[in-house]
Structure formats: structure tokens, C-alpha cells
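# Per-entry structural report
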Amino acid sequence: MHTIVLNGQTRTCAPGHTLGDLLAEAGYAQRRVAVEVNREIVPKSEHARREIREGDCIEIVHALGGG
Amino acid sequence: MNAQPKLAVAFDDALVIAGKTYRSRLLTGTGKFKDLDETRRATEAAGAEIVTVAIRRTNIGQDRNAPNLLDALPPQKYTILPNTAGCYSADEAVRTCRLARELLDGHSLVKLEVLGDQKTLFPDVVQTLKAAETLVAEKFEVMVYTSDDPILARRLEEIGCVAVMPLAAPIGSGLGIQNRWNILEIVENAKVPIIVDAGVGTASDAAIAMELGCDGVLMNTAIAGARNPVLMAAAMRKAVEAGRDAFRAGRIPRKRYASASSPIDGNIG
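Anyway, here's the lowdown on the structure attached to this text.

Looking now at the packing of aromatic side chains. Here a ring pair, both rings aromatic, is described through the centre-centre distance and the interplanar angle of the planes. Residue and element names in this part refer to chain B. Tallied over the full model, the rule gives 0 aromatic pairs over all chains. Above the ring of Phe140, the side-chain terminus of Arg101 is found at 3.7 Å from the ring centroid. For the cation-ring pair, Lys111 lies above Tyr145, with the distance from its terminal atom to the ring centre recorded as 5.6 Å.

If you want it as C-alpha cells, here you go:
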């Protein structure tokens, strides 16, 4: 298993999983989110291709109420 | 011979930001409301066309089915203005804007806000300038929150910000415009829209900003924190419109002594 950091929390992730898989598991497949891996934006078009690697630091963000 | 083709002009006092035309000069935030339904109803009552949103981490496993702000305020209907509220450095702010652009399908209009301290929430103007330079270079259209300093406002315009947004008073304070001479100086020197952002408490504060010649007012707490947010949103809409009309109409000068409204000649007796 890979160890990753997802939104600040350490987790494990099966080898071969892609960002697209991770988003689907988290229930975000149909939601408007943006993803950053190791401080680099990964565009939506690349989510299905980008494999999750050992030590990846992933941020998933969305829009919410703010001033 | 030289007749110009007449363009249909339905509205002659539009606000133009980064080439896009808006009818409403009241921009609203979407934080601190009771729920998304209240957010939507207040936004509609305000007549706002530009609404700010925050960019935050999702709660993994918790908000799977939670209603989404962008369902209540769809980007097809509103101009979504992602902000960098809560950022205390230029790097954080730039990173947030890049995420926002990805989130909103390449949308480049952002509200830049880099804070200096948690007690006052005053902007860190050094970091704000630095972030603005980077964002403009990366083709963002930057609406920038800043202090009410005319020199700084001019500098931010020179960098290429599409709107400069000086505070009226500290964020959420409701104190109204504290330094109207500075705001007036900023307005008179500007070629980009000047939008008072933060510190408005009630309708008259918004009207004063508009009477000074500001191009718009951005507020959140004054509406969301009111006892009746939807009613306050409607009041703010009227105040912004009234203040704008008064500015355009041109007020009379202030005089120390009276000046009769009725004719002096022809009194009976």
C-alpha cells in the first residue's frame, strides 16, 4: 500500500489507483472540485491518468460560502 | 451622412469590470448565512451579479451528499468571484487562485486578499503587491482588497489590477467608512473601478460610499449578520442605487446659511 497525505490526513492507497479512482471513492466524481498533487494542479482531464504514488500530498478543494 | 448607427442601450450606467458589464453595483459575499437557501434568497434580494466564494479543503467522507454552494448560486447565472480570504502570504494567495481557476474551468477573475493579522484582518499590503504582480503575470483578472491608502491604490492599478477595493473599516466591523477623504482621493485618481470592500454596517454606509463616487460596494457580514438578512440585502440594494443616483445627479454644495426655496418677490402684504 502507498502512504499518502490527503487534505492534511495520512492515509493508505492501493497501488495502481488513479486520482480519478480516489475522487470516485470519496464521492466527488460528479462534484466540482480542484485537485493539487505535491503543490501542482492536476487538471480534470488528467485525473483518470494520474496514478497515485508513494508519498503524494493531495489537496482536494471546493467552493463554499465566503466574503 | 455621418449618422452613427444607433446601438440599443437599455441601461446607461453599467459597471464594467475586466470588460464585462454589470447592472448591479452591489457585490455580495456568501459566508455566514444560516444555510444555502438563505444565501440564495439574500443574494437575489441584493440583486447581486458578482458573488464571492471561499476556496477550502473538502471534508473527505463527510460532505459526500451535502448541498453545494455552486448549485444554489450557479456560475451560469452569477459571476463567481473566488477569494483568497484567510491567506496570510502571497504564496498562499497565489496557490488559492490557481486552484480556483482550475475549479471554475479557467475562470480568471479573482478577489485577492492577503491579511496581515488576525485581530484587525487588515491587509498585508507588501504581500498583496507581491501576489498581485504574480497573478497579473499569470493572466488573472485581479480585484484587490487593500487598505484605504491612495498611493497604494494607484500602485495596484499600475500593476494591472482590474478593480481596486479599499476597506471602509475592518472586515466584519460594521463601522462604515472611516476615512471618506482617502476614499474620495482614491476614486478621483482611479481609472479602474473602485469598490469599497469590508466594514459596511448598514444601508447609509453603502449610500455614502456610492455618493463619494465609488463604483460599487462589496459586503458580506452586514447582510448575513443582520437579524433579517434578506430584508437587509434589499435595503443595501436600494442604498447602493440611491447613492449612485445621488452621485450622478450632483449634490448641492454645503453652505453655512439658509437659502429660501420659495421666490423672494411677490409676498402679500
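Still more to cover.
With that settled, the discussion passes to the interface of chain A and chain B. Chain A puts 28 residues into the contact, and the matching count from chain B is 33 residues. Roughly 2,800 Å² is buried in total at the junction of chain A and chain B, and carbon and sulfur atoms are behind 50% of that figure. Contact with chain B buries area across many residues of chain A, yet Arg31(A), Arg32(A) and Gly67(A) alone supply 23% of it, more than any other trio. On inspection of chain A and its partner chain B, the count reaches 5 salt bridges. The residue Lys44(A) makes a salt bridge to Asp105(B) at a minimum N-O spacing of 3.4 Å. Where chain A meets chain B, there are 19 residue pairs in polar contact (both at pLDDT 80 or more). Examining the composition of the side of chain A that touches chain B, we find that 7 residues originate from one element, strand β5 (residues 57-65) of chain A, more than from any other. A per-class count over the side of chain A that touches chain B returns 13 nonpolar, 7 polar and 8 charged.

This part takes up the state of the cysteines. Two cysteines joined by a covalent bond between their sulfur atoms form a disulfide. Scanning all chains against the criterion turns up 0 disulfides over all chains. Residue Cys57(A) stays outside any disulfide, its sulfur separated by 14 Å from that of Cys13(A), the closest cysteine. For Cys57(A), a relative accessible area of 33% puts it in the partly exposed group. Here Cys87(B) is not disulfide-linked; the sulfur of Cys97(B) is the nearest cysteine sulfur, at 7.6 Å.

With that out of the way, let us pick up the packing of helix α3 (residues 90-103) of chain B against helix α4 (residues 125-137) of chain B. All names here are of chain B. Running from amino to carboxyl end, α3 crosses α4 at an angle of 35°, the nearest separation of the two axes being 8 Å. As α3 runs across α4, the sense of the crossing is right-handed. Where α3 approaches α4, its residues Ala90, Ala93, Val94, Cys97 and Arg98 are matched on the opposing element by Gln127, Lys130, Ala131, Thr134 and Leu135. Grouping the amino acids of the contact of α3 with α4 by side-chain chemistry returns 6 nonpolar, 2 polar and 2 charged.

What counts and how
- Residues numbered from 1 in each chain as written.
- Chains lettered and ligands numbered in written order.
- Predicted model: local features only at pLDDT ≥ 70, side-chain atom pairs only at ≥ 80, totals over all residues.
- Heavy atoms only, no water.
- Phe/Tyr/Trp six-rings, centres within 6.5 Å; stacked < 30°, edge-to-face > 60°.
- Lys NZ or Arg CZ within 6 Å of the ring centre and 35° of its normal.
- Contact = heavy atoms within 4.5 Å.
- Buried area = accessible area lost by both parts, 1.4 Å probe.
- Salt bridge = Lys/Arg side-chain N within 4 Å of Asp/Glu carboxyl O.
- Polar contact = N/O pair within 3.5 Å; in protein donor to acceptor, adjacent residues only side chain to side chain.
- Helix = DSSP H or I, 4+ residues; strand = E, 2+ residues; numbered from the N terminus.
- Nonpolar A, V, L, I, M, F, W, Y, C, P; charged D, E, K, R; others polar.
- Disulfide = S-S within 2.5 Å.
- Buried < 20%, exposed > 50% of the residue type's maximum accessible area, 1.4 Å probe, protein only.
- Axes fitted to C-alpha atoms, helices over the stretch in contact; angles between N-to-C directions.
- Left-handed = near helix turned anticlockwise from the far one by under 90°.

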